[in-house]
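# Geometric and topological summary
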Amino acid sequence: MSLPALSRRTLLQAGTAGALALAVTGTTPAAAATADPYETLRLRWLALLTGTGFDPAAEPFGSALRALGDRARAQQQAMAPTAGSLWPDLPLGSVSANITGSFVRLRTMALAWAQPGTGLTGDAALAAAVAAGLDQLCASAYTATATAYDNWWDWQIGSPQALLDTCVLLSPQLTSAQLTAYCTAVDRAVPDSKVAAYTGTSTGANRVDLCRVLALRGIVGRGAAKLATASAALSPVFPYVLTGDGLYPDGSFVQHTWVPYTGSYGEVLLSGLSRLFALLAGSSWEVTDPQRQNVFDAVDSAYAPFLFNGLVMDSVVGRASSRGLQASDLLHLQQDDHGRGHTIIGHILRLADSGAAPAAQSARWRAAVKGWIGRDYYRPYLSDAAVDVPELARAQALLADGAVSASAEPAGARVFAMDRAVVRRPAWTVSLSMCSARTTFYETGNGENVRGWHTNSGLLAWWNATTGNGQYADAFWPTVDPYRLPGTTVSTKKLADAAGGAWGAARPDAVWAGGASDGTYAAVGQAVRGLSSTLSGWKSWFLLDDSVVCLGAGLTCTDGVPVETVVENRNLGPSGTHALTVDGTAQPVTLGWSQQFTAAKSMAIAGFGGYVFPGGATVRAKREARTGSWRDVNSGGTTEALTRRYLTLWFDHGTDPSDAGYAYLLLPGADAAATAARAASPTVNVLSNSPSVQAISDSASGVTAANFFTAGSAGPITVSAPCSVLVRESGGTLNISVADPSRTIATVQVTVTRPGYVSADPATGVTVLATGSSVQLLAELGGTQGASRTVTLRTSGTAAGANAALLAPVRDTYVRDGSYADTNYGTANILTVKNTNTSGSGFSRRALLAFDTSQLTGTVQRAVLWVRGAVADSGGTETDLQAFATAPGAWQETAATWNRCPAPGAALGTGRISTAADWVALDVTSAVTADPALTLTVGQPAGRVGLAVNLNSRENAAYPPVLQVITTG
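The structure displayed is predicted, hence computed values, not measured ones.

### Some points on the overall build of the protein
If you tally the helices and strands in the protein, you get 19 helices and 44 strands. Here the C-alpha radius of gyration of the protein, 30 Å, is about what a compact globule of 969 residues would show, namely 30 Å. Counted over contacts in the protein with a minimum sequence separation of 6, partners at least 24 positions apart contribute 72%. Here the protein has roughly 33,000 Å² of accessible surface; of this, 52% comes from carbon and sulfur atoms. Side-chain charges in the protein split into 66 positive and 70 negative, and the spacing between the mean points of these groups amounts to 2 Å.

### Overview of the side chain of T967
Relative to the elements of secondary structure, T967 occurs in strand β44 (residues 962-968). Here the side chain of T967 touches T857 through a polar contact of 3.0 Å, landing on its backbone oxygen. Contact partners of T967, with chain neighbours within four places excluded, come to A802, N803, T857, G858, T859, V860 and Q861.

### A few points about unusual backbone geometry
In this structure, P60 follows E59 across a cis peptide bond, with omega equal to 10°. Considering the arrangement of structural elements, one finds P60 in the loop between α4 (37-50) and α5 (61-78). With a phi close to 70°, T257 is a non-glycine residue in the positive phi region. With respect to the helices and strands, the residue T257 is situated in the loop between β2 (253-255) and β3 (259-260). Even without glycine at this site, D583 takes up a positive phi of about 50°. Here D583 shows up in the loop between β16 (580-582) and β17 (585-586). By relative accessible area, D583 is classed as partly exposed at 40%.

### Regarding the pairing of strand β22 (residues 684-689)
Regular strands have side chains that alternate between both faces of the sheet. Two elements, β22 and strand β23 (residues 693-698), share five bridges in a ladder whose sense is antiparallel. Its bridge partner lying in β23, N689 is registered against Q694. Between β22 and β23, which pair antiparallel one after the other, the connecting turn spans three residues.

### Brief notes about the sheet that holds strand β35 (residues 811-816)
Pairing is antiparallel across the open sheet formed by five strands, whose spatial order is β35-β37-β42-β39-β40. Both outer strands of the open sheet, β35 and β40 (904-914), are each paired with one neighbouring strand and no more. Neighbour to neighbour, the strand axes of the sheet diverge by 25° on average, direction disregarded.

### Overview of helix α15 (residues 359-375)
Under the 1.5 Å per step criterion, the end-to-end length of α15 is 25 Å for 17 residues, consistent within 8% with the ideal 24 Å. Inspection of α15 places Q361, S362, W365, R366, A367, A368, V369, K370, G371, W372 and I373 among the buried residues, and these make up the whole buried set.

### Section: the layout of surface pockets
Considered as a void within the structure, the second largest pocket measures approximately 770 Å³ in volume. Every residue lining the second largest pocket is counted, 40 residues in all, and those nearest its centre are L242, R743, Q785, A916 and D918. For the lining of the second largest pocket, the secondary structure elements donating two or more residues are β38 (859-871), β40 and β41 (918-923). With six residues, the single largest contributor to the lining of the second largest pocket is β41. Tallied by class, residues from the lining of the second largest pocket come to 17 nonpolar, 14 polar and nine charged.

### Examining the sheet that holds strand β24 (residues 703-708)
One open sheet holds the seven strands; their spatial order is β22-β23-β24-β27-β28-β33-β30, and the pairing between them is antiparallel. The two strands at the open ends of the sheet, each matched to only one other strand, are β22 and β30 (759-760). One ladder, built from six bridges, connects β24 with strand β27 (residues 723-730); its direction is antiparallel. Across the sheet, residue N707 finds its bridge partner in β27, namely S724.

### Here we look at helix α11 (residues 224-232)
Inspection of α11 places K226, L227, A230 and S231 among the buried residues, and these make up the whole buried set. One face of α11 carries all of its buried residues, which in axial projection span an arc of 130°. Buried residues along α11 sit against α4, α9 (176-189), α10 (204-220) and α12 (265-280).

### Observations concerning empty space enclosed by the protein
Scanning the model with the defined rule gives five cavities of 30 Å³ or more in all. Within this model, the largest cavity holds a volume of roughly 210 Å³. Lining the largest cavity are 22 residues; nearest its centre among them are D314, S315, G318, T455 and N456. Per-element accounting of the lining of the largest cavity gives the leading share, three residues, to strand β9 (residues 459-464). Each residue belonging to the lining of the largest cavity can be placed in one class, and the counts come to ten nonpolar, nine polar and three charged.

### Quick word on the packing of α5 against helix α6 (residues 96-114)
Where α5 contacts α6, the axes come no closer than 9 Å and their chain directions differ by 130°. With respect to each other, α5 and α6 are oriented oblique. Between α5 and α6 the crossing geometry is left-handed. Residues L68, G69, R71, A72, Q75 and Q76 of α5 form the contact with α6, whose own contacting residues are R105, T108, M109, L111 and A112. The class makeup of the residues in the contact of α5 with α6 is five nonpolar, four polar and two charged.

### Brief notes about the packing of α4 against α10
Where α4 meets α10, the closest approach of the two axes is 9 Å, and the angle between their N-to-C directions is 130°. Between α4 and α10, the crossing angle belongs to the class labelled oblique. On α10, the residues touching Y38, L41, R42 and W45 of α4 are R212, L216, G218 and I219. When its residues are assigned to classes, the contact of α4 with α10 shows five nonpolar, one polar and two charged.

### Examining the pattern of salt bridges
In total, this model carries 44 salt bridges according to the counting rule given. Here R107 and D165 are joined by a salt bridge, their closest N and O atoms 2.9 Å apart. On the criterion of sequence distance, the pair formed by R107 in helix α6 and D165 in helix α8 (residues 152-170) is long-range, its members being 58 residues apart. In this structure, a network of salt bridges that share partners links the residues D187, D192, R217 and K226.

### A few points about the packing of aromatic side chains
Counted by the stated rule, this structure contains 27 aromatic pairs. Ring centres 6.3 Å apart and planes at 85° place the aromatic pair W512 and W538 in the edge-to-face group. Of this pair, W512 sits in the loop between β10 (489-491) and β11 (513-517) while W538 sits in strand β13 (residues 536-543), placing them 26 residues apart in sequence. Here the two residues W512 and W538 agree in accessibility, since each one is buried. Measuring from centroid to centroid gives 5.9 Å for Y662 and Y664, while their planes differ by 35°, and the two rings are tilted. With respect to burial, Y662 and Y664 carry one shared label: buried. Three or more aromatic residues link up through ring pairs in this structure, and these residues are F308, W463, Y472, F476, W477 and Y646.

Each value, and the rule that gives it
- Residues numbered from 1 in each chain as written.
- Predicted model: local features only at pLDDT ≥ 70, side-chain atom pairs only at ≥ 80, totals over all residues.
- Heavy atoms only, no water.
- Helix = DSSP H or I, 4+ residues; strand = E, 2+ residues; numbered from the N terminus.
- Rg over C-alpha atoms; globule rule 2.2 N^0.38 Å.
- Contact = heavy atoms within 4.5 Å.
- Areas by Shrake-Rupley, 256 points an atom, 1.4 Å probe, with all protein chains shown as cover.
- Lys, Arg positive; Asp, Glu negative; His and termini not counted.
- Charge placed at Lys NZ, Arg CZ, Asp CG, Glu CD.
- Polar contact = N/O pair within 3.5 Å; in protein donor to acceptor, adjacent residues only side chain to side chain.
- Buried < 20%, exposed > 50% of the residue type's maximum accessible area, 1.4 Å probe, protein only.
- Pairing = 2+ DSSP bridges.
- Axes fitted to C-alpha atoms, helices over the stretch in contact; angles between N-to-C directions.
- Expected span 1.5 Å × (residues − 1).
- 1 Å grid on protein atoms, 1.4 Å probe; cavity = no way out; pocket = protein on both sides within 12 Å on 5 of 7 lines; lining within 4 Å.
- Points joined across faces, edges and corners; volume = space filled by probe spheres on them.
- Nonpolar A, V, L, I, M, F, W, Y, C, P; charged D, E, K, R; others polar.
- Arc of directions from axis to C-beta.
- Parallel < 35°, antiparallel > 145°, perpendicular 65-115°, else oblique.
- Left-handed = near helix turned anticlockwise from the far one by under 90°.
- Salt bridge = Lys/Arg side-chain N within 4 Å of Asp/Glu carboxyl O.
- Phe/Tyr/Trp six-rings, centres within 6.5 Å; stacked < 30°, edge-to-face > 60°.

Okay, here's the thing in structure tokens:
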């Protein structure tokens, strides 16, 4: 069957998908919607695949459609069906990716058949070839009885998505028997049970992909139950998580448990959700879960911070940074930060146009997208051959919409729970990649990113607004020295490809990574550990108005090789000769040049930025051309030799250093004169650079900041426990931000010697204890996942003041029902709680804690019971804890049992806990009365089935419970 001729006016008036629906079904989309809900959804998906409202003869569409036709024609011509393959280079039977690859080629051919302007639109021979290919794959490879082999992803996501897309595109050419056969094959690989539990490979982006498969299976197979399952199974994706895969409250996104993945798996999640929201809107299967708002909020909190001038930062793409040019890619299109950024931008615009999100958010996204597209001078969005026609059409319409004004790049600083930080200024942006026991050194797997060993060891990536936006897109990853990534401190010990293990297995044993931020500035720190190395030490970065202050201390190693800190490793492109000026003198630009500079105070790379070394430093410099291929870092990459020139600056700490350190400032965008002027008239003073504390002050911004690795003092700041503190003084206000990057403390007392400040604005989690000659405050940091607490003080108003008491339990135990109802656990070093919502099961447990409050004076303003522990239950990863007021009746720690203990009373505060050990704050203010004998019960909300949680008891020396009481008067 061939399509009748369609006029350009018909296409533009009906939209591409609408016109094709009219041609192949004889009905308009509206009529189909009235008659058949499944056809309505098919036509919607068809429109998402093919685009609407564009002129196929106009650019950039004409070129894109002709290129699609050329690819489809080449694939059709190369198709040579045999018993073991459809294409000779994709043999079937042992490599699952070849099944997916075959389906993807058929999808491309079907797309060329369905879209106008391809030269193959409605071609009967092409349609017949696609149908025959589907028949063969579903009869011999991806069948209703096949046993999955090799990679699960191909069976459950890659192959069925391409297969079902092809069914939607080619539906008028396929019989009901064919569609039934294809759906039966999908049912074999992706039964409903794949989304029955939110665990394993059915979480985060993978869960969204599985739901997409089920939804399209429901459309193609006309099954309401499948669509209902797909819609409902999205709900576990929406809530924020505290550990593992998914979106976090602060905007972090993690996949594979340990890997910050906003720009790759996060892109897949946003892709699937934006499409499914649009597909199911207004239907019987519309996604209505109110927590989907978290996804909309994530556009601003999770995705936008990592988008800059059209690119998405490589710090959040895991092993995807190594993909570059793939040997199997017939288009020979490089995958890089700009391409990935364009893909995410397309998803955001699709979501904005879907009508699913609140109007104000959609309007904000459209303005942001317009700005990102307009500023990408390195690879303009509309000329990116990897951007599909539907996304090009939306973008062109947006750019032509005079009612939408492009947003500028936002200024500010963010520190994320996933060990990432970003600072943005009008003229530049910096991304910082760290790792800890919570995140991996790097991710490798499937032969990808095999030399990414040091990418999270303090990599400092940065871009100017109008220069250097191709720094990492221009063959950086296959050609850069992987031991000399900018900002990192590493042992030069040689590592094997994929050293440390696959899928993020290699993680440091250190817990310190993160820092304090007030939203404008940030103090960030990392405990240094080496991959398969003895390297240890401390690194800090202080993110200011026009500079980043970089400090290192306590750097120690016994690997028998040199340790280096890389100040810079600029990619100068294939032929760059950017000048390096050192203390006013231009250096040679010849390749192979190298030099050691002693007492260097300033260096600048023309067109990029400058570096200041307080007090002078010994710095080495080198120019070189480096050659590599994408195959070197990714087994699927091309073998083409690529050569790029690099200018490298580094500190050589020597072989087996002990307590080495460094200090320098990065000034993005600064030229040689500006850099020299800053060196001559510094505004930054390094207050401390030791293994105990790294701290600076900056007279230009009024910022004083410190990373305390132990309790102590630096400049005007004193702290009672390890933490990160940022103080900013400006215009009669004093902002103090405090965070715990190690996530080990519940509270910390901070004193800032700054006289004259009197009153304090209300601030969550911060109590100002005193003002006057200094400001004293108590910050509640437990359970914040490293987030900052910020308070603002002023020179006028009513004086702030309070008292803080931290009380240890005098008794604690837990009790258990059922056959354990007379068993005592008073000497245990854990307190186990669980609500089974049953009676006498033997698995319900609750904890009792007694405190002596007789020493408290004044009026109680706030009381918090702090408990630390983790979920220890095979039934899930997160649950709630709740405190209960309890009569203080006589009970003994070594005698209390379920049958002989006071019963819980009024419900008090709740908190969320996960499998990652952390503090939980339970508000018990109303329970602290005049009676000095206080008993509290910790359990789980009544009427709900919970998970077993192990909490530290007072017998646990590391993190015992504590009662925090704030009083006044």
